[in-house]
Structures are given as C-alpha cells and as structure tokens.
Amino acid sequence: MNSVASLSEKLLTAAFQAHASDIHFFPFPHETQIYFRIHGQRSHHQTIATSTYQLLLTYYKFTSGMDIGEIRKPQNGTIAHHTSMMNYDLRLSTLPLHPLESLAIRILPQHEQLTPDQLFLFPNQLKEIKRWMKNHAGIILLTGPTGSGKTTTLYALLQMTLKNKSFQAITLEDPIEKDIDDILQVQVNEKAGVTYQSGLRAALRHDPDIIMIGEIRDDETAQFAFEASLTGHLVLSTLHAKNAEGTIYRLLEMGLNKTDLQQSLIAIAALQLLPIQVNGQVKRRAAILELLDERYIEAILNEQQLSKRNIQTFDHLRKKAYAYGFISKETFLSNL
C-alpha cells in the first residue's frame, strides 16, 4: 500500500503543479490512461498498468470513504489533501464500466481566493454585477455548463459583498466546494433528509440577508428560491443553460410564471471561460458574460424584439477578446 500511496502522491503533486482542475482515469483491460484537465483542455498525462490502477482505485475508495467492495454502482467520496503550500478538497466519483470502473477526481483548492477583478476579463461587466448586488431582495442567476466557474464566481461575489457590509449570509450546497469564513454553509445531504427545499426552509428561520443556493436542479427548488426572494431576501443561485436568454425559457419550463420572473428576477449572467494568453502562453482562464438585467428580461417575457446592439453576446465578446490580444486565434476559431 505504501507504493500505491507514493504513486498517488506523485500523481496529485503533478496535477497541482499543472493547475489541473480534474484527473480522469480511463481503464482498458491491460493499461489505463490518465488525463488532466488544464485550463478547460483535457490532456494525456501518463499510462499505467490496469493492475496498478486497480490498486490505486481501491486506495482512493478506502481513503475517501467509499465501499471498496461495491463495483456495480456509482459512488462518490471526498479526501482532504494537505501540502506545504495549499490545502485541497478532492471530490472522487466512480462509474461502473464493463468489466472495470472509471474514476474522476475534481480538485478544489481551499485557500486560493480569486477576487472578482481576477475572474472577469472585462471590468465593465464586473461593474454591472456590483450594481446588481446592491439589491436587498430578488434573485440573481449565474448560468453556464459544468466547469464554467459559476460557483467560484458566487463565492467571490459573496466575499466581496461581505467585506463592504455585515450581512447574514447562508449557503446551501451539494457539495460545499470551499470553506469560507463569515458565511453559514449548509451541506445538502438527501440521505439525511437535508434537501435543498428543507435546507432553505431552515435557512429562512435564521434571518438571512443573502442566501446562496448552489444549484436550481428542479421545479420545487426553483419555486422555493423565487418565494424566498419575494420575502425580502437577496438570493444567488446557478442554473444550467446555454446562454442568458435561454435561462428565461428554462425557468418558464420549470413552472415559474411571467409574474414570478417580473417580480423577483433581478438579472442573469451567463458565463463562459476563455484561456488567457500572456506572451503567447496560457496563464489562466477568465470569464466573459452575457448579461441580462430587468429591461431585457421584461422585453423577452413580453416577446419584444431585443436590440442586439445593446446586448454583448458571447460571439461579440470573443471577437473583442481576440482583437485585444487576450486569446489566441485558435481559441477564437474553436468557439465559432
């Protein structure tokens, strides 16, 4: 087991040094491919024998609290990993294949605190979101695919707001991705009866000013979130949608009516991450955002034609980023 622990340490160290967000294990009968996701791109790291991978998988299952004897069902686990430079939370997920199991590890740095200025590519977009955050009631939604930075952005906005004023802030998350001081964080645990709905009911009894709901996953959670925003709370949450305008149609499909949206929905920010180059090298990723505030939401609900000149779409923002030299030609063309 010591050799397996040593292999794990080498693998994790390489992933941390490469600033990887995920590690993927792709098993075949005789060999297993290991990939890192770095700045959104999946790249091959190394190949190991599948017999070695099986030992490594058992080690990870055991240390993350999974059932090492269960191979027929998907499982999830967590590991707190500490280095001299940084603490990490590792979120592990297994997926049964035939006849093996694959493993994915999400890497969550715990003390890497990015400010909103570091997260957003264009400062004028941050200025607009800061204006939204001055509302005392209503709901602000961040949308985009998995890995687009929605939760990281919510954390940064919460911390920015709490620095300026003392608020009672409560989060409901599944899972909690980062421990943050001065915020009451509730772990959703459906097996223990703590759902988004029951957690939100309990949170409302704690007199919060701001509530962050990790994700609106179903119709019932959407209804609770909007009801909470109507009763004098600022609600922040995320939703999976292709773009900002599509978010409105998703909410309508989830059973919310136009009146709900007109009364409660402050704004929508759809996120897309771009790899930012400095001297020809990708150094980090930053977000561009499609922003819709009350004016555009009202127009969409009333089926009015929007003025495209006033809405900066992802296509327009990518062109702008390329013109300013923030992204490479390959990145610009790959998103067309």
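Look up: the structure comes first, before these words.
Being a predicted model, the structure only gives us computed values, none of them experimental. (Residues numbered from 1 in each chain as written. Predicted model: local features only at pLDDT ≥ 70, side-chain atom pairs only at ≥ 80, totals over all residues. Heavy atoms only, no water.)

### Some words on the sheet that holds strand 12 (residues 265–278)
So, point 1. One open sheet accounts for seven strands, arranged 9-8-10-11-7-12-13; its pairing is mixed. The sheet terminates laterally at strand 9 (184–187) and strand 13 (281–292), the two strands that pair on one side only. With strand direction ignored, the average angle separating the axes of adjacent strands in the sheet is 20°.
So, point 2. Two strands pair when backbone bridges link them, and strand 7 (residues 138–143) and strand 12 are joined in this way by five bridges, in the parallel orientation. Bridge assignment links isoleucine 139 to a residue of strand 12, and that residue is leucine 265.
So, point 3. Docked against the sheet, helix 8 (residues 244–253) engages strand 7, strand 11 (234–239), strand 12 and strand 13, running at close to 140° with respect to strand 12. (Pairing = 2+ DSSP bridges. Helix = DSSP H or I, 4+ residues; strand = E, 2+ residues; numbered from the N terminus. Axes fitted to C-alpha atoms, helices over the stretch in contact; angles between N-to-C directions. Contact = heavy atoms within 4.5 Å.)

### As for the packing of helix 1 (residues 2–17) against helix 2 (residues 50–63)
So, point 1. Between helix 1 and helix 2, the least distance of the axes is 10 Å, while the angle of their chain directions is 85°. Here helix 1 lies roughly perpendicular to helix 2, going by the angle between them. Here Val4, Ala5, Leu7, Ser8, Leu11 and Leu12 of helix 1 lie close against helix 2, whose contacting residues are Thr52, Leu55, Leu56, Tyr59 and Tyr60.
So, point 2. Taken together, the residues that form the contact of helix 1 with helix 2 break down as nine nonpolar, two polar and no charged. (Parallel < 35°, antiparallel > 145°, perpendicular 65-115°, else oblique. Nonpolar A, V, L, I, M, F, W, Y, C, P; charged D, E, K, R; others polar.)

### Observations regarding the packing of aromatic side chains
So, point 1. Taken as a whole and judged by the stated rule, the model has nine aromatic pairs.
So, point 2. Judged by centre distance (6.4 Å) and plane angle (55°), the ring pair of phenylalanine 25 and tyrosine 60 falls under tilted. Placement of the pair is phenylalanine 25 in strand 1 (residues 20–27) and tyrosine 60 in helix 2, with a sequence separation of 35 residues. No difference in accessibility class separates phenylalanine 25 from tyrosine 60, as the two residues are buried.
So, point 3. Plain terms: the ring middles of tyrosine 322 and phenylalanine 332 are 4.9 Å apart, the flat faces sit at 5° to each other, and that makes the pair stacked. Pair noted here: tyrosine 322 is in helix 11 (residues 314–323) and phenylalanine 332 is in helix 12 (residues 329–334), with a separation of 10 residues, a long-range link.
So, point 4. Overall, the relative accessible area of 33% leaves tyrosine 322 in the partly exposed class. (Phe/Tyr/Trp six-rings, centres within 6.5 Å; stacked < 30°, edge-to-face > 60°. Buried < 20%, exposed > 50% of the residue type's maximum accessible area, 1.4 Å probe, protein only.)

### Examining the sheet that holds strand 2 (residues 31–38)
So, point 1. Taken together, six strands build an open sheet; the order of strands is 3-2-1-6-5-4 and the sheet is antiparallel. Looking at strand neighbours, the two that pair on one side only are strand 3 (41–49) and strand 4 (75–82), the edges of this open sheet. Across this sheet, the average inter-strand angle for adjacent strands is 20°, counted without regard to direction.
So, point 2. Sheet analysis places strand 2 next to strand 3, joined by eight bridges and oriented antiparallel. Paired with isoleucine 38 across the strands is glutamine 41, a residue of strand 3.

### Points about the nonpolar core
So, point 1. Counting residues in each nonpolar core, the largest one holds 42 residues, and the members touching the most others are Ile139, Ile216, Ile248, Leu251, Leu261, Leu265 and Leu292.
So, point 2. When sequence neighbours within four positions are dropped, the list of residues in contact with isoleucine 248 reads Leu261, Ile268, Leu292, Ile297, Ile300 and Leu301.
So, point 3. One finds Leu126, Ala169, Leu234 and Leu289 within the second-largest nonpolar core, a separate group that totals 30 residues. (Core = buried A, V, L, I, M, F, W, Y, C linked by side-chain atoms within 4.5 Å.)

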